[in-house]
Structure formats: C-alpha cells, structure tokens
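Structural overview
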Amino acid sequence: MMKTNQIEIVTLEAKHFIGVPVTNVFQRIDPERIKEANQIFLTRRNEIKGIINEQEYVCPHFANDILFTYIYCMEVAEIKDIPNGMIGFQVPSQQYVKVRSTDHDPYAFSKEYLKENGLENNTRSLALEVFKFGEEQHFNNAEIYIPIVERNL
C-alpha cells in the first residue's frame, strides 16, 4: 500500500551551494565519516554567508561504481566567501523527478517511475536531498530530486 508517495517532474532554476563534502568508497560507505562531515557542517554552517533558507539544508550527491560523494550544504544567493575546508558550486537549471516517500525507498520508487515513463537519470549531474533542520536525517524525511536527461522535443 502506498501511503505518502508523491512524485512529479519539476524544473529547478540554477542553485548555488556551499558546504562540507565527504567521499567514500562506494562499496564500503563509512557511516562514521558521513556523520563526522555532518557534525562539521552543523558546527560551522553559521560561517556560510548569504543563506537563502535557514530552515533547510541540502545534500547534493553523486556516485559511480567506485566512489560516492555526499555534500552537506546550505543554498546561498551567490558563491563567495567560501569558508576554509568547504566547497562552493553551482548546479545548473534542469529537470528533476521530485519524490517524497515515507514508506518506500524513494530511490527505488523514482527509478521505477523513470523506467515507466521512458525517462533517464542524468548521472552526470547531482541528485539533491532536501532536509528540514530538526528532523531525523533519513531519506524518508527528505524531498529528493533525481536529475533527468532532458530530451529536446
């Protein structure tokens, strides 16, 4: 039974992020390293200037068969004054499948949706997980954006 699965295609404008990255070997993701990056981010997020929404943080990430990179970020108005040890980058405007699921794996759910609709994940871009501060960091609490390959009609 699907309780609260919401899925739609959305276009997001270009976004700017500053945050703390952590890279792991994909086959052996180390939760301690990810937790440590999260702690650094939570301790130092007040150093990030020009934050757009103080209530939420974004975790862009990407993976291949070898490495997995996860970045704890705040969305900012522009990339400047990047605190030491953090990175700043822009994600271009693009289309995403936006999914929120409290009772299923949202990644499996979106993969199914892509397949059913003849769409393809744009693996050259970043998926985004958007969390609210104060909620448990788990993908069932996140709005997840999976980038899709745009087809010119």
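None of the values given here were measured: they were computed from a predicted structure.

**Description of the overall build of the protein**
- Along the protein, the regular secondary structure elements total 2 helices and 8 strands.
- Its helices and strands taken in sequence order, the protein reads β-β-α-β-β-β-β-α-β-β from the N to the C terminus.
- Relative to the globule expectation of 15 Å for 153 residues, the C-alpha radius of gyration of the protein, 16 Å, shows essentially globular dimensions.
- For the protein, the spread of C-alpha atoms along the three principal axes comes to 45 × 35 × 30 Å.
- Here the protein holds 153 residues, and 39% of them are scored as buried.
- Pairs at least 24 residues apart make up 77% of the contacts formed inside the protein by residues separated by at least 6 positions.
- Surface exposure of the protein reaches about 9,200 Å², of which carbon and sulfur atoms provide 49%.
- Computed over 16 positive and 22 negative side-chain charges, the separation of the two mean positions in the protein equals 2 Å.

**Side note on the environment of A142**
- Its location among the elements puts A142 in the loop between β7 (127–132) and β8 (143–147).
- For A142 and H104, which are 38 residues apart along the polypeptide, the C-alpha to C-alpha distance reads 12 Å.
- Once residues within four sequence positions are removed from consideration, A142 is found in contact with V99, R100, E129, V130 and F131.

**Quick notes on the nonpolar core**
- The biggest cluster of nonpolar side chains holds 27 residues, and the ones touching the most others in it are F41, I48, Y57, Y70 and Y72.
- Only β2 (15–25), α1 (31–44), β3 (56–63), β4 (67–76), β6 (94–101), α2 (106–116), β7 and β8 provide two or more residues apiece to this core.
- Looking at this core, the element that brings in the most residues is β4, giving 5 residues.
- Leaving out residues up to four positions away in the same chain, F41 has contacts with V20, I48, Y57, Y72, C73, M74 and F133.
- Counting 13 residues, the second-largest nonpolar core is a separate cluster that includes V10, C73, F89 and V130.

**Examining unusual backbone geometry**
- Phi is positive for D81, close to 50°, though the residue is something other than glycine.
- Relative to the helices and strands, D81 resides in the loop between β4 and β5 (87–91).

**Structural notes on the confidence of the model for the protein**
- Taken as a whole, the protein shows an average pLDDT of 91; of its residues, 95% reach a score of 70 or greater.
- Looking over the protein, one finds the lowest element-wise mean pLDDT in strand β1 (residues 5–12), namely 90, and the highest in β5, namely 97.

**Details of the packing of aromatic side chains**
- Considering all chains together, one arrives at 11 aromatic pairs under this definition.
- A ring pair is formed by F26 and F68, whose centres lie 6.5 Å apart and whose planes are at 50°; its orientation type is tilted. One end of the pair, F26, is in the loop between β2 and α1; the other, F68, is in strand β4, and 42 residues separate them in sequence.
- When the centroid spacing of 5.8 Å and the interplanar angle of 45° are considered together, the rings of F41 and Y57 count as tilted. You can see F41 sitting in helix α1 and its partner Y57 sitting in strand β3, a full 16 residues away along the chain.
- F41 sits in the buried class, given a relative accessible area of 0%.
- Aromatic ring contacts, followed pair by pair, group F26, F41, Y57, F68, Y70, Y72, F131 and F133 into a single cluster.
- Seen from the ring of F133, R45 lies directly overhead, with NZ or CZ sitting 3.8 Å from the centre.

Parameters and conventions
Residues numbered from 1 in each chain as written. Predicted model: local features only at pLDDT ≥ 70, side-chain atom pairs only at ≥ 80, totals over all residues. Heavy atoms only, no water. Helix = DSSP H or I, 4+ residues; strand = E, 2+ residues; numbered from the N terminus. Rg over C-alpha atoms; globule rule 2.2 N^0.38 Å. Buried < 20%, exposed > 50% of the residue type's maximum accessible area, 1.4 Å probe, protein only. Contact = heavy atoms within 4.5 Å. Areas by Shrake-Rupley, 256 points an atom, 1.4 Å probe, with all protein chains shown as cover. Lys, Arg positive; Asp, Glu negative; His and termini not counted. Charge placed at Lys NZ, Arg CZ, Asp CG, Glu CD. Core = buried A, V, L, I, M, F, W, Y, C linked by side-chain atoms within 4.5 Å. pLDDT = per-residue confidence, 0-100. Phe/Tyr/Trp six-rings, centres within 6.5 Å; stacked < 30°, edge-to-face > 60°. Lys NZ or Arg CZ within 6 Å of the ring centre and 35° of its normal.

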